[in-house]
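Now for the letters of each chain:
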Amino acid sequence: MKVPLEFAMQWFKVLLNLFHYSNKWLNIGLKCVLTWQFSVFANGTKKMVDFLTSRTFASYTNYAPSTNQQNNTLASLATLKRYSQDQKYRKQLTREADANARDGLLFNVKESVPELRMTERRTFMGLCCQNCTFTSRESLVKKTTENLALINVLNHEVAFKSGFLSRTFSHVFQVSQLKRYAFPQVANLVLRDDRVKKAVERVAVQQLKDSDSTEDEFYQELIKKNQARAKKLVSDMRSTLSDFLLRFTSWILYKLLPCFMNSVVVHPGQVDMLKQASKTNLPLIFLPLHRSHLDYILLSFILLNNDIRSPLVAAGDNLRIPFFGSLLRGLGAFFIKRRIDPMMGRKDHVYKAVLHTYMNLCLRSGHNIECFLEGGRTRTGKPCMPKYGVLSVIVETFMDGTIEDALLVPVSLNYEKLIDGNFIKEQLGEPKKMETFGDALKGIWHVLNSSYGSMRVDFNQPFSLRELIKTFDQNNKISNPNVSARVLKSNPSTNSLYGTDVVSEEHKSLVENISKHVIYDCAQSTSVMSTNALAFLLLSKFRQGITLQKLVVAFEDLKKDLELSRRDVGFSGDAVDVINYAVELLGPALVKKEKLNGEDTIKPIAILPNVIELSYYSNSLVTHFALESVIALALSVAEIRLNTVSQDDLMENALELCSFFQYEFLFCKPCQNLEMVITSCIDDLIIRKEIFLPEAESNELVRRSRNIARQFEDDDEEEPFQKLYKINTSKEAMENVKYMAHILMPLIEAYAITGFTLETLVQRQLLESELVASVLKEMKEQLATGSLNYDESVAVDPVKNALKLYQKLGILECHQEGKLRLYYLKEAYDNSESVKLFYNKVNKYRTGNLLIQ
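Residues numbered from 1 in each chain as written. Predicted model: local features only at pLDDT ≥ 70, side-chain atom pairs only at ≥ 80, totals over all residues. Heavy atoms only, no water.

Caption draft 1: Up close: the nonpolar core. Counting 114 residues, the largest nonpolar core has I678, F692 and Y806 as the members making the most contacts within it. Considering each element in turn, this core owes the most residues, 8 residues, to helix 25 (residues 626-637). Each residue touching F692, except ones within four places of it in the same chain, is listed here: L635, V645, L650, I682, I686, Y725, K726, I727 and N728. Counting 71 residues, the second largest nonpolar core, distinct from the first, contains F334, I469, I519 and C522. (Core = buried A, V, L, I, M, F, W, Y, C linked by side-chain atoms within 4.5 Å. Buried < 20%, exposed > 50% of the residue type's maximum accessible area, 1.4 Å probe, protein only. Helix = DSSP H or I, 4+ residues; strand = E, 2+ residues; numbered from the N terminus. Contact = heavy atoms within 4.5 Å.)

Structure representation (structure tokens):
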């Protein structure tokens, strides 16, 4: 069949058009590619283009016709030779010049070192104690780590050179590349241990004696019964740490954490310390402060993603709830009782033996351990006084030679906004609710739909348990009466592991000192978040509100104070932006921002119940400034003459206040002398706050005072000279004294009202719950009448701590049976006059002199 000519011509035209348009689009594509390439490499190629241009011009100059006019006559042979030599010489010079230019240009284009942007030098916190662990302090830390920038562990990116799938599924690729560790299960070995067998026999023998039976069959039945109980205890306690579950949870956290948190920040230098410590093959004992249920999950997440062995975590048995309990068990949790209640009036030897043996076997098999010395989460934002149970087991494991040594790692955690919610109901007297599966689901749903800002984790420098114990023994820190006279002791709970046969009597003080040292180190290395700084300033300095402009000045001053005391902050940027961010994060229920007279004004909601949550954030800094506040309060009740105060008077009042607050704060490390720490703080106030004038300005007054004193002294009885401090009476200095004194005033009010309410115990007894309720009722009544100035004083925790103090001071007696505590006054104080006398002893700090009015 013949194709018509016209039809063929039409197809030919179509093909020509297609070819034309394809060429056109190809040219456009090539232009786009070339444009993109030139835009990407513009900076690098600019100098190369200049180089090529210079070479082109040089070549043109060499080969262009000469402008010199030559004679038409032939030159002589000598002239031609000379001309040839000149040309060769010129070419040689040109080649050398071109080579030098080319080398310079290539160096600039390819080999120049880019300009470095130095990051802001941050305070490297968490170095271990130079007095107790000098050798450990000199190890693991590199001086260059101070200049390293903080990193957000949620920002994980795979290198560009990795494959397409690795970049697309970066988090899956990340968890798949993590170092694998073996996590041996030791639960099946516990019942075979001699310690557990002896405990079972001991309890069975005691039960046999109590039954007045001598039959062997009954004894064997008791043995089997206690063995079955030991087996159940092991089953309930054990961890099932799984490498697969750790990796899977890590991938889940990479997806979920950005939903409600901006960042999880760590210092790379601190992580590097842990990596170096893990190479020693010694067990790492992580001892973090406890603020949230998310603490142990995030710690395992950070360690896992930095190729550090994930620890077994000592968790309270209240978390052993359906599904979540199994999940935590797979992530390393082993469950222990918060309290070890006696069985039939005796110690529970079987449980203690099972726990001790299980931890002993875990350490021997190479597991790292994580435990919270505070026991439960802090309800006030301040570090709690340590409980010694789990640490006593670790110390005993070292003492009996099971492990050669262990590295203790204090860990500080802080949140811009607390994820677990507030503890207002508990602080107002409502009983704590046990965790349930439904509550856990509701909590997770609420968290995923909220914003909690940033979290900061600070790993302190690991230090040797062996070195610390050796130092305590060498320096007689525990038994030296000159040191212990000023050391504030606390009585352990009889229901905890501490104070039982798990740890020997001679090691109890050692465990107590180690625990307090760790808690003190953690408190000092905790980073200050934006919400902490804002809440602290509003409650302690600007309770009536303040303009944004003045608040910015105070904010910057606070930041400088923290930097001078080597405390790091968890925020950066302009102070105005940081304050606005913190106000938004805390929300209108805690901080109100409004316009007054055309200026932005910020005011705290300093009334119940909101103020309790706001004080939670403030208390992170109250701990830091507690000793300065003690000195200001001590000054307010000291005898002042001619604007001077004696050092002895000031020291006596300060030591009395420190003894009052021994259940609230750790004012110094166990290896330090409290008097020397107070003196050092006073010297610091002379320099930074100018509360007292330097000695040079008061020398003349001291000389005159001594001359006057000599006139009234006998030559034979010369009294030692008392150092005097000259008080700076300037307005700025007095404002600083008021500011510092107000920091601890809510606690002073809580302790004073608790002492006032003790009068209700005259000739009667009350359960702890009834007594606490009575104190809270009295506080609310005084708050309504204006006698109480600080709403945050109305809280359960300081009331209970005050009762512990009065019990230790010998005013109260406490009879405990199970979970019930019955309080009554000691016979010497069982009258209104004695109670009132003691109340005035505390209350005088509320009504100090005009310095703090």
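Caption draft 2: Inspection of the packing of helix 31 (residues 768-785) against helix 32 (residues 796-808) at higher detail. Where helix 31 contacts helix 32, the two axes come as close as 10 Å, and the packing angle between them is 120 degrees. Taken together, the axis directions place helix 31 and helix 32 in an arrangement best described as oblique. Judged by the twist between their axes, the crossing of helix 31 over helix 32 is right-handed. Facing helix 31, whose interface residues are E768, L771, V772, V775, L776 and M779, helix 32 presents V796, V799, K800 and L803. For the contact of helix 31 with helix 32, the per-class residue count stands at 8 nonpolar, no polar and 2 charged. (Axes fitted to C-alpha atoms, helices over the stretch in contact; angles between N-to-C directions. Parallel < 35°, antiparallel > 145°, perpendicular 65-115°, else oblique. Left-handed = near helix turned anticlockwise from the far one by under 90°. Nonpolar A, V, L, I, M, F, W, Y, C, P; charged D, E, K, R; others polar.)

Caption draft 3: Inspection of empty space enclosed by the protein at higher detail. Tallied over the entire structure, the rule returns 9 cavities of 30 Å³ or more. If you add up the space inside the largest cavity, you get close to 340 Å³. Of all the secondary-structure elements, those providing two or more residues to the lining of the largest cavity are helix 21 (530-540), helix 24 (610-624), helix 29 (731-743) and helix 30 (745-757). At 6 residues, helix 24 tops the list of elements feeding residues into the lining of the largest cavity. Per-class residue counts for the lining of the largest cavity are 12 nonpolar, 8 polar and 5 charged. (1 Å grid on protein atoms, 1.4 Å probe; cavity = no way out; pocket = protein on both sides within 12 Å on 5 of 7 lines; lining within 4 Å. Points joined across faces, edges and corners; volume = space filled by probe spheres on them.)

Caption draft 4: Representation of the pairing of strand 11 (residues 591-596) in the model. Two elements, strand 11 and strand 12 (residues 599-604), share 6 bridges in a ladder whose sense is antiparallel. From the neighbouring strand, E594 faces strand 12, where its bridge partner is T601. The hairpin turn running from strand 11 into strand 12, its antiparallel successor, is 2 residues long, and N597 in that turn takes a positive phi close to 55 degrees. (Pairing = 2+ DSSP bridges.)

Caption draft 5: Inspection of the pattern of salt bridges at higher detail. Per the stated rule, a full pass over the model turns up 22 salt bridges. With its nearest N and O atoms 3.4 Å apart, the salt bridge here joins K516 to E512. Of this pair, K516 and E512 both sit in helix 20 (residues 505-525), 4 residues apart, which is roughly one turn of that helix. The class for E512 is buried, based on a relative accessible area of 6%. (Salt bridge = Lys/Arg side-chain N within 4 Å of Asp/Glu carboxyl O.)

Caption draft 6: Here's a closer look at a nonpolar patch on the surface. A contiguous nonpolar patch, built from F323, F437 and L441 and spanning about 300 Å² of accessible area, is present on the exposed surface. Along the polypeptide, L441 turns up in helix 17 (residues 437-448). Residue classification places L441 among the partly exposed positions, given a relative accessible area of 43%. (Patch = residues over 30% accessible without salt bridge, like charges linked within 9 Å, V, L, I, M, F, W, Y side chains within 5 Å. Areas by Shrake-Rupley, 256 points an atom, 1.4 Å probe, with all protein chains shown as cover.)

Caption draft 7: Examining a positive patch on the surface more closely. Where like charges cluster on the molecular surface, the positive patch consists of R338, K387, K432, K800 and K804. Note that K800 resides in helix 32. The partly exposed category is assigned to K800, whose relative accessible area is 35%. (Lys, Arg positive; Asp, Glu negative; His and termini not counted. Charge placed at Lys NZ, Arg CZ, Asp CG, Glu CD.)

Caption draft 8: Spatial organisation of the sheet that holds strand 10 (residues 546-547). If you trace the 3 strands from one edge of the open sheet to the other, you get 10-12-11, paired in antiparallel fashion. Each edge of the open sheet carries a strand with a single partner, namely strand 10 and strand 11. Sheet strands in contact with helix 23 (residues 575-586) are strand 11 and strand 12, and its direction is about 125 degrees off that of strand 11.

Caption draft 9: Quick look at the state of the cysteines. If you walk through the whole model with that rule in mind, you get 0 disulfides. Free of any disulfide, C132 has its nearest neighbouring cysteine sulfur in C671, separated by 3.4 Å. C658 takes part in no disulfide bond, and the closest cysteine sulfur, belonging to C668, lies 8.1 Å away. (Disulfide = S-S within 2.5 Å.)

Caption draft 10: Main features of the side chain of S620. One can find S620 in helix 24. Accessibility expressed as a relative area gives 11% for S620, which makes it buried. When residues no more than four places from it in sequence are discounted, the contact partners of S620 are R291, G381, N414, N532 and R567.

Caption draft 11: Inspection of unusual backbone geometry at higher detail. Residue P609 follows L608 across a cis peptide bond; omega there is -5 degrees. As for its placement among the helices and strands, P609 is situated in the loop between strand 12 and helix 24. One non-glycine residue, N281, adopts positive backbone phi at about 65 degrees. Take N281: it is sitting in the loop between helix 11 (268-278) and strand 3 (284-288). Notably, N643 is not glycine yet its phi reads approximately 60 degrees, a positive angle. Looking at the element boundaries, N643 is found in the loop between helix 25 and strand 13 (644-646).

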